[in-house]
Amino acid sequence: GDSVTQMEGPVTLSEEAFLTINCTYTATGYPSLFWYVQYPGEGLQLLLKATKADDKGSNKGFEATYRKETTSFHLEKGSVQVSDSAVYFCALRVTQGGSEKLVFGKGTKLTVNP
Amino acid sequence: EAGVVQSPRYKIIEKKQPVAFWCNPISGHNTLYWYLQNLGQGPELLIRYENEEAVDDSQLPKDRFSAERLKGVDSTLKIQPAELGDSAVYLCASSLVSVGPDTQYFGPGTRLTVL
């Protein structure tokens, strides 16, 4: 079935380091792809999205490009900050039984040290 | 604008006891979701409401779980009786029905511990 596999954490980086969190997916058809972020003690927030192949989603310095040929949607940021410490979830939107829903990966915990 | 509100934030109960979680969605959001998030996992959909109608409850374990959304606003998720394996975070989310599930707004969740 439809699924998302993302890089296992935790990931620990120093401030201003480059970040990549890998995400690959399995889906029938052409799903929309998302990255959600969960800061400590808060609910999940949509970080960015891409709805078709070669689209690039971006927000708060984060980017991810929808790669159909490699079924990937890797999250990147050129220079992380301590405030980026959170859990990041890759997700896809699928239609099952006439109903749409989100399928999430397991999450990757990022810790950025000063 | 207030976000999705959930209560309680934490709940500790003994197995076989009942428990209920409450969710107040963002004002005007017709669609409401309940998710289960086990430790180290991503959220998994339990049930989705469009107004007061449960349009997708295929993943809800109906032998012990129940949910309601009276008047199409607040919602309650209940477990009776709770089992050890129910220990998890229960997330509520809401969205405008016309926009689709990618613009879901999540609450902070209720962390349930069953002893």
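Scroll up to find the structure.
Residues numbered from 1 in each chain as written. Chains lettered and ligands numbered in written order. Predicted model: local features only at pLDDT ≥ 70, side-chain atom pairs only at ≥ 80, totals over all residues. Heavy atoms only, no water.

(A) Fine view of the overall build of chain B. The number of helices and strands found in chain B is zero helices and eleven strands. Shown N-terminal to C-terminal, the secondary structure of chain B runs as helices and strands in the order β-β-β-β-β-β-β-β-β-β-β. Relative to the compact-globule value of 13 Å for 115 residues, chain B shows a C-alpha radius of gyration of 13 Å, a close match. Projected onto the principal axes, the alpha-carbon positions of chain B cover approximately 40 × 25 × 25 Å. Across the 115 residues that make up chain B, the buried fraction comes to 48%. As displayed, chain B has an accessible area near 5,700 Å², and 50% of this comes from carbon and sulfur atoms. Here chain B carries 11 positive and 14 negative side-chain charges, and the mean point of each set is 8 Å from the other. (Helix = DSSP H or I, 4+ residues; strand = E, 2+ residues; numbered from the N terminus. Rg over C-alpha atoms; globule rule 2.2 N^0.38 Å. Buried < 20%, exposed > 50% of the residue type's maximum accessible area, 1.4 Å probe, protein only. Areas by Shrake-Rupley, 256 points an atom, 1.4 Å probe, with all protein chains shown as cover. Lys, Arg positive; Asp, Glu negative; His and termini not counted. Charge placed at Lys NZ, Arg CZ, Asp CG, Glu CD.)

(B) Representation of the state of the cysteines within the structure. All names here are of chain A. Per the counting criterion, the structure on display carries two disulfides over all chains. Here cysteine 23 connects covalently by a disulfide to cysteine 90, the sulfurs 1.9 Å from one another. Between cysteine 23 and cysteine 90 the disulfide shows an S-S torsion of about -70°. By sign, it is left-handed. Linking cysteine 23 in strand S4 (residues 23–26) with cysteine 90 in strand S10 (residues 86–96), this pair joins segments that are 67 residues apart in sequence. Like cysteine 23, the residue cysteine 90 is buried in the burial classification. (Disulfide = S-S within 2.5 Å.)

(C) Looking closely at the packing of aromatic side chains. One pass over the full model with this rule turns up ten aromatic pairs over all chains. On the basis of an interplanar angle of 80° and a centroid distance of 6.2 Å, the ring pair of phenylalanine 104 of chain A and phenylalanine 106 of chain B is categorised as edge-to-face. With phenylalanine 104 of chain A in strand S11 (residues 99–104) and phenylalanine 106 of chain B in strand S10 (residues 105–106), the pair connects residues from two separate chains. Here the two residues phenylalanine 104 of chain A and phenylalanine 106 of chain B agree in accessibility, since each one is buried. Aromatic side chains tyrosine 35 of chain B and phenylalanine 106 of chain B sit 5.4 Å apart centroid to centroid with 40° between the ring planes, which places their arrangement in the tilted category. With tyrosine 35 of chain B in strand S4 (residues 31–37) and phenylalanine 106 of chain B in strand S10, the pair connects residues that are 71 residues apart, well separated along the chain. As far as burial versus exposure is concerned, tyrosine 35 of chain B and phenylalanine 106 of chain B are alike and both buried. Within the aromatic cluster, the residues linked to one another by ring pairs are Tyr36, Phe89 and Phe104 of chain A together with Tyr33, Tyr35 and Phe106 of chain B. (Phe/Tyr/Trp six-rings, centres within 6.5 Å; stacked < 30°, edge-to-face > 60°.)

(D) Main features of the interface of chain A and chain B. In this complex, chain A contributes 18 residues to the contact, which on the side of chain B involves 18 residues. Across the chain A/chain B interface, buried area totals approximately 1,500 Å², and carbon plus sulfur atoms make up 52% of it. The largest contributions to the chain A side of the interface with chain B come from Leu44, Lys101 and Lys106 of chain A, which together make up 29% of the buried area. Linking chain A to chain B there are zero salt bridges. Linking chain A with chain B are two residue pairs in polar contact (both at pLDDT 80 or more), by the criterion used here. (Contact = heavy atoms within 4.5 Å. Buried area = accessible area lost by both parts, 1.4 Å probe. Salt bridge = Lys/Arg side-chain N within 4 Å of Asp/Glu carboxyl O. Polar contact = N/O pair within 3.5 Å; in protein donor to acceptor, adjacent residues only side chain to side chain.)

Fair warning: the whole summary comes from geometry, so function is off the table for now.
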